[in-house]
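Okay, here's what each chain looks like letter by letter:
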Amino acid sequence: LKLHVETIESISSANDADFLPPPDAQGPLGDRISGVHPQLIHAIFPEWPQSLRGQHFSVTVAIVIGKDGHVLSTHALSGTPEQSKLCEDAVRKWTFVPYLAAGKPVEVESKAICGYQ
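The structure displayed is predicted, hence computed values, not measured ones.

(A) Looking closely at the packing of aromatic side chains. The final tally for this structure, using the stated rule, is 5 aromatic pairs. Considering the side-chain rings of Phe45 and Trp94, the 6.0 Å spacing of their centres and the 65 degrees angle between planes classify their relative orientation as edge-to-face. One end of the pair, Phe45, is in the loop between β2 (40-42) and β3 (57-65); the other, Trp94, is in the loop between α1 (81-91) and β5 (95-96), with 49 residues separating them in the sequence. The exposure class assigned to Phe45 is exposed, which follows from its relative accessible area of 55%. Under the relative-accessibility criterion, Trp94 is labelled buried at 6%.

(B) Here's a closer look at unusual backbone geometry. The backbone of Ala102 sits at a positive phi, close to 55 degrees, despite the residue not being glycine. As for its placement among the helices and strands, Ala102 is situated in the loop between β6 (99-101) and β7 (104-116). By relative accessible area, Ala102 is classed as exposed at 85%.

(C) Geometry of the state of the cysteines. Taken as a whole and judged by the stated rule, the model has 1 disulfide. The disulfide bridge from Cys87 ends at Cys114, spanning 2.1 Å between sulfur atoms. In this pair, Cys87 is assigned in helix α1 and Cys114 in strand β7, connecting sequence segments 27 residues apart. Residue classification places Cys87 among the buried positions, given a relative accessible area of 0%.

(D) A nonpolar patch on the surface, seen in detail. Judged by side-chain polarity, Leu3, Val5 and Ile8 come together as a nonpolar surface patch covering roughly 400 Å² of accessible area. Considering the arrangement of structural elements, one finds Val5 in the segment before β1 (32-34).

(E) Seen up close, the nonpolar core. Ranked by internal contacts, the top residues of the largest apolar core, which has 20 residues, are Val59, Ile63, Cys87, Trp94 and Phe96. Mapped by element, the contributors of at least two residues to this core are β3, β4 (71-76), α1 and β7. Per-element tally for this core: the top contributor is β3, with 5 residues. Contacts of Phe96, omitting those with residues within four sequence positions, involve Pro38, Gln39, Leu40, Ile41, Ile63, Ile65, Asp68, Gly69 and Val71.

(F) The pairing of β3, seen in detail. Pairing of β3 with β7 involves 9 bridges; the strand directions are antiparallel. If you follow Val59 over to β7, its bridge partner there is Cys114. As paired strands, β3 and β4 are joined by 5 bridges and run antiparallel to one another. Paired with Ile65 across the strands is Val71, a residue of β4. Hairpin remark: β3 followed by β4, antiparallel, with 5 residues in the connecting loop; positive phi at Gly69, about 95 degrees.

Rules of the game
Residues numbered from 1 in each chain as written. Predicted model: local features only at pLDDT ≥ 70, side-chain atom pairs only at ≥ 80, totals over all residues. Heavy atoms only, no water. Phe/Tyr/Trp six-rings, centres within 6.5 Å; stacked < 30°, edge-to-face > 60°. Helix = DSSP H or I, 4+ residues; strand = E, 2+ residues; numbered from the N terminus. Buried < 20%, exposed > 50% of the residue type's maximum accessible area, 1.4 Å probe, protein only. Disulfide = S-S within 2.5 Å. Patch = residues over 30% accessible without salt bridge, like charges linked within 9 Å, V, L, I, M, F, W, Y side chains within 5 Å. Areas by Shrake-Rupley, 256 points an atom, 1.4 Å probe, with all protein chains shown as cover. Salt bridge = Lys/Arg side-chain N within 4 Å of Asp/Glu carboxyl O. Core = buried A, V, L, I, M, F, W, Y, C linked by side-chain atoms within 4.5 Å. Contact = heavy atoms within 4.5 Å. Pairing = 2+ DSSP bridges.

Here's what the structure looks like:
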C-alpha cells in the first residue's frame, strides 16, 4: 500500500454516515470464518452400541455452524466408520451461540470431538 498525501486539513464537521461502507459492500471476512471458538449451547451424545462400549476412543469431526447456530454439515476426520457415523449424527444435532463478526452473523468452520471413555 502506498499513500501520497498532498494536503492535511482539519474537518470542520464530520458525519458518521460518510464513513459507513455502501450497503452492497463485501467485507474481508466473507460469510464464513474459522479459527474461533464457538460457544456450545446444547449437545447430544451418541448412543454407543454394546460393541463400542468399554473401548476408549475419540472422534474428531469437522463441522460448519450456520448463522443461526445450528450445525450445517459434519465430516469425521478420525475413527472407524461406525464411530464416525455415530459422532457425525450426534454432532449434527448440536446448537451453538450464533457467532458475530463485525455485528453480523457468520458461518463458522470448527471441529468437535466426541468419544467414549
